[in-house]
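# Close look at the chain arrangement
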Amino acid sequence: MSVSAKSLLSTLSVRGPHRVLRGNLGIAGQPGVVYTPESGLNLPAVAFAHGWLTSAENYKSLLEHIASWGFVVAAPDTERGPIPSHLDLGTDLLTTLDIVSKVRLGDGTISVHPDRLALAGHGMGAGAAVIAAAQRRVAAVVALFPAPTSPAAENIAPDIDTRALILTGDDLDSVSSNARALATAWSGPAILRTISGASHNGIIEGRRLFAALGAGRYEHKTDKTTRALVTGYLLATLMADKKYAVFADPEGEIPHTKVVDPHAEIEVEAPKLSIGTVAKLIRG
């Protein structure tokens, strides 16, 4: 009997079976951090890019969580200022992948399989992951709540035929999101999935600029669901684990989420009129 998507989502929302180690990418000349299982050969690896005005540290729990399920997860810690270079962040992602995939990690008991690589990011970091994916073929791309970048990720997407998971929230069509445009332009098999009740900055941990004013607050439920969705997708794609196939299925039904057809016509909600307004219209 197959396990339900609800049960899998619950399982993947908690840490996996592996003890996680933390390392410093700066030793190899790239500012950043790397999380790995305690040991393992030919492991899958993910290079992750942070969002605007954040750092790798703001995603510590997310990165550790993915690593606990058997992945090497590395994040460059550059382009943290108010005017970042998305191109340079993409380049740093590629450098990060080179580091983790070409050298033995830890005490030499950890290695990465060259064909089990993914690029991921949040906000502008999602766009940087797309920019990087256009320069190096990987097994999968994960774009979390993607935001507009320069160059525009949606203009690069037609040249990328790898698999992609694009996650976003209720603000799918806001000016701060290019998720729909990215999914529409993507050349390869892509899944655009929304998380109910989520906002685009909900997965960012710790104190942030403007948080005291009520903007961009951390959302535990959003982070929990995102961790499960990303982990399940990576297990299904990088590891070809059929148990988690629903997470890479464009028609897969997963609780608290909805798959969106980016090519479908956008439904515009009709404005609600008061009784007084209706009466005035009738009178002319």
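Residues numbered from 1 in each chain as written. Predicted model: local features only at pLDDT ≥ 70, side-chain atom pairs only at ≥ 80, totals over all residues. Heavy atoms only, no water.

This part is about the overall build of the chain. Tallying secondary structure elements over the chain gives eight helices and nine strands in all. Looking at the chain as a whole, 52% of its 284 residues qualify as buried. For the chain, the proportion of contacts with a sequence separation of at least 24, taken over those separated by at least 6, is 71%. Total accessible area on the chain is roughly 13600 Å²; 54% of this is exposed by carbon and sulfur atoms. (Helix = DSSP H or I, 4+ residues; strand = E, 2+ residues; numbered from the N terminus. Buried < 20%, exposed > 50% of the residue type's maximum accessible area, 1.4 Å probe, protein only. Contact = heavy atoms within 4.5 Å. Areas by Shrake-Rupley, 256 points an atom, 1.4 Å probe, with all protein chains shown as cover.)

For the structure shown, the criterion picks out 10 salt bridges. One salt bridge in this structure joins Arg15 and Glu64, with 3.6 Å as the shortest N-O distance. Separated by 49 residues along the polypeptide, Arg15 in the loop between helix H1 (5–12) and strand E1 (20–24) and Glu64 in helix H2 (residues 60–68) bring together distant segments of the chain. Given the relative accessible area of 45%, Arg15 is considered partly exposed. Salt-bridge contacts for Lys102 lead to Asp98; the nearest nitrogen and oxygen are separated by 3.8 Å. Here the residue Lys102 and the residue Asp98 both occupy positions in helix H3 (residues 86–102), the gap between them amounting to four residues, near one helical turn. Assessed through its relative accessible area of 64%, Lys102 is described here as exposed. Via salt bridges that share partners, Arg15, Lys60 and Glu64 belong to a single interconnected network. (Salt bridge = Lys/Arg side-chain N within 4 Å of Asp/Glu carboxyl O.)

The set of residues buried in H1 consists of Ala5, Leu8, Leu9 and Leu12. Looking down the long axis of H1, one finds its buried residues gathered within 100° of arc, a one-sided arrangement. (Arc of directions from axis to C-beta.)

Put simply, H3 and helix H4 (residues 124–133) touch, their axes get as near as 8 Å, and they point 65° apart. Handedness of the crossing formed by H3 with H4: right-handed. Contacts between H3 and H4 involve His86, Leu87, Leu89, Gly90, Leu93 and Leu94 from the former and Met124, Gly125, Ala128, Ala129, Ile131 and Ala132 from the latter. Tallied by class, the residues present in the contact of H3 with H4 amount to nine nonpolar, three polar and no charged. (Axes fitted to C-alpha atoms, helices over the stretch in contact; angles between N-to-C directions. Left-handed = near helix turned anticlockwise from the far one by under 90°. Nonpolar A, V, L, I, M, F, W, Y, C, P; charged D, E, K, R; others polar.)

Turning to the nonpolar core, a few remarks are in order. Formed by 44 residues in total, the largest nonpolar core has its most connected members in Phe48, Phe71, Val142, Leu144, Leu234, Tyr244 and Phe247. Per-element accounting of this core gives the leading share, seven residues, to helix H7 (residues 220–237). The residues touching Leu144, leaving out its near neighbours within four places in the chain, are Phe48, Leu62, Gly121, His122, Gly123, Ala126, Leu167, Ile203, Thr226 and Val230. (Core = buried A, V, L, I, M, F, W, Y, C linked by side-chain atoms within 4.5 Å.)

What follows is about the side chain of Thr36. Looking at the secondary structure, you find Thr36 in strand E2 (residues 32–37). Excluding residues within four positions of it along the chain, Thr36 makes contact with Arg19, Val20, Leu21, Ala67, Phe71, Val72, Leu105 and Ile110.

We now examine the confidence of the model for the chain. For the chain, mean pLDDT is 90; residues scoring 70 or higher make up 89% of the total. Within the model, pLDDT remains below 50 along residues 278–282, and this stretch shows two contacts once partners closer than five positions in the same chain are excluded. (pLDDT = per-residue confidence, 0-100.)

Right, let's talk about the packing of H2 against H7 for a bit. Between H2 and H7, the least distance of the axes is 10 Å, while the angle of their chain directions is 35°. Considering only the axes of H2 and H7, their crossing is right-handed. Residues Ser61, Leu62, His65 and Ile66 of H2 touch H7, and the partners they reach there are Asp223, Arg227, Val230, Thr231 and Leu234. Broken down by class, the residue content of the contact of H2 with H7 amounts to four nonpolar, three polar and two charged.

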